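# Chains, contacts and geometry: an overview
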Amino acid sequence: MDKEEKNKKLEIKKYNSLNDFVSENPDVLLDKSKDNYDTQFEVMIHGTTRKLMENIFNEGLQCKQEGDLSYTAAYASPIRADECTKKEFLLEKKLKEHSHNDSNSNFVLKLPRDFIIQGATEIRYAAFFVNNDKNKTLPILDTRFIVGMYDRDSGEFYLNPNFKDKLSKQERAELMFKKINEEKLYNSRRDTVFDMFWAKNEENNKREVEEDVVEINKGNSTNLVEEIDIGRQYDDWQ
C-alpha cells in the first residue's frame, strides 16, 4: 500500500452491533469448523482510543515486539456456530470487557492459521507485518488483517474498508514466502539459544566438579592429584 492509499479518506461502514455485522458477513468471524480448537483463523483484540481508528485502518497497527503479537493484542476466539442462537457472542463479551489503559475501543484482528508459526515457546506472526517507515525497530500489522473496531460504549462495530478476508493467490504466495523466511530465522535463533544453553550447562557442570574436588581435598590429608599420581604408579608396578 503506497502513501497515497494510506492517507486516503475512508468510507467506513458502521453497524449498530457486532451481531448485525455477523448477520451480514457470516463468513468473516464465524467459525464453522467441527473442532473449536483447530479453527482456520485466529482472532485477537487490541484496545486503544477511538480517535486512532482511521489512522489504524489506513496504516495498520504498530506492534511492540517483532514477530510476536501477544505484546500488543489479547487472544480471543472466533464466533462458534452454536453461538448464533444467543443474544451475545463470547467474542462480543470479551470485546466489552477488554480494556487497555482504559481504552474505549477494541480492534478485531483476524489471522489465517496457514501463515502463523507455532514455535516451541512462542507463536510468531511475522508474515502479517509490513515495514514501518516511522520507526524501523517496530513492525506494523498489515491493515488487511484488521477486521474493524468495536466501540465499548455504544456497542457499535465499524468495518475496516481495507480489511481483506479473501486473499488472492499472489497475496497468499507472498505471505507463505515471508513465513518460510521467518521460520528459517526462528530456527537459527533457536539453535543459537540452545548452543548457548548447552555451553553454559557444560561450564556449570565443570565448575561443580571442580568445587567437589576442592571439598574432597579439604577432608583428605593427601591431595587428590597426588592420589591420582600414586594410583598411576601402582598401576605401573603391576
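Residues numbered from 1 in each chain as written. Predicted model: local features only at pLDDT ≥ 70, side-chain atom pairs only at ≥ 80, totals over all residues. Heavy atoms only, no water.

The sheet built from six strands is open, its strands ordered β1-β13-β12-β7-β3-β5 with antiparallel pairing. The open sheet is flanked by β1 (13-15) and β5 (74-75), the only strands paired with a single partner. By the bridge criterion, eight bridges tie strand β3 (residues 41-48) to strand β7 (residues 105-112) in an arrangement that is antiparallel. Within β7, the residue paired with V43 across the bridge is K110. (Pairing = 2+ DSSP bridges. Helix = DSSP H or I, 4+ residues; strand = E, 2+ residues; numbered from the N terminus.)

Close inspection of predicted coordinates is inappropriate in any region flagged by low pLDDT. Looking at the protein, pLDDT values average 79 and 70% of them are 70 or higher. Summarising per-element confidence for the protein, the mean pLDDT is lowest in helix α7 (residues 224-237) (49) and highest in strand β13 (residues 157-159) (97). (pLDDT = per-residue confidence, 0-100.)

This paragraph deals with the sheet that holds strand β11 (residues 140-141). The strand order across the open sheet built from three strands is β4-β11-β10, with neighbouring strands paired in antiparallel fashion. Each edge of the open sheet carries a strand with a single partner, namely β4 (61-62) and β10 (129-130). Relative to β11, β10 is paired through two bridges, and the arrangement is antiparallel. Directly across from V130, in β11, lies its bridge partner I140.

For the rest of this paragraph, the subject is the pattern of salt bridges. One pass over the structure, following the stated rule, counts 14 salt bridges. Here R144 makes a salt bridge to D142, at a shortest N to O gap of 2.9 Å. Note on D142: relative accessible area 10%, which makes it buried. Connected through shared salt-bridge partners, D142, R144, K164 and E171 make up one network. (Salt bridge = Lys/Arg side-chain N within 4 Å of Asp/Glu carboxyl O. Buried < 20%, exposed > 50% of the residue type's maximum accessible area, 1.4 Å probe, protein only.)

The element strand β12 (residues 146-151) is largely enclosed, with a buried count of six among its six residues. The pairing of β7 with β12 spans five bridges and is classified as antiparallel. Within β12, the residue paired with N106 across the bridge is Y150. With three bridges connecting them, β12 and β13 associate as antiparallel partners. Its bridge partner being in β13, M149 is matched across the sheet by Y158. The hairpin formed by β12 and β13 contains five residues between the paired strands, and G155 there has a positive phi angle of roughly 80°.

We now examine the packing of aromatic side chains. All chains considered together, the criterion is met by five aromatic pairs. Between Y15 and F21 the ring centres are 5.3 Å apart and the planes differ by 80°, which places this aromatic pair in the edge-to-face class. Take Y15: its relative accessible area is 5%, and that puts it in the buried class. With a centroid separation of 4.9 Å and 75° between ring planes, the pair formed by F128 and F145 is classed as edge-to-face. Placement of the pair is F128 in the loop between β9 (123-124) and β10 and F145 in the loop between β11 and β12, with a sequence separation of 17 residues. The pair F128 / F145 is uniform in exposure class, with both members buried. An aromatic cluster is present here, built from Y15, F21 and F157 joined pairwise through their rings. A cation over a ring is seen here: K110 above F41, with NZ or CZ 4.3 Å from the ring centre. (Phe/Tyr/Trp six-rings, centres within 6.5 Å; stacked < 30°, edge-to-face > 60°. Lys NZ or Arg CZ within 6 Å of the ring centre and 35° of its normal.)

On to the layout of surface pockets, then. Roughly 440 Å³ of volume is contained in the largest pocket. At the level of elements, β2 (30-31) and β7 are the ones that each hand at least two residues to the lining of the largest pocket. Along the lines of polarity and charge, the residues of the lining of the largest pocket split into six nonpolar, two polar and 10 charged. (1 Å grid on protein atoms, 1.4 Å probe; cavity = no way out; pocket = protein on both sides within 12 Å on 5 of 7 lines; lining within 4 Å. Points joined across faces, edges and corners; volume = space filled by probe spheres on them. Nonpolar A, V, L, I, M, F, W, Y, C, P; charged D, E, K, R; others polar.)

Let's shift gears to the environment of L111. Among the secondary structure elements, L111 is positioned in strand β7. The buried category is assigned to L111, whose relative accessible area is 0%. Ignoring sequence-local partners within four residues, the contact set of L111 consists of F41, E42, M44, L69, I116, Y125, F128, L141 and F145. (Contact = heavy atoms within 4.5 Å.)

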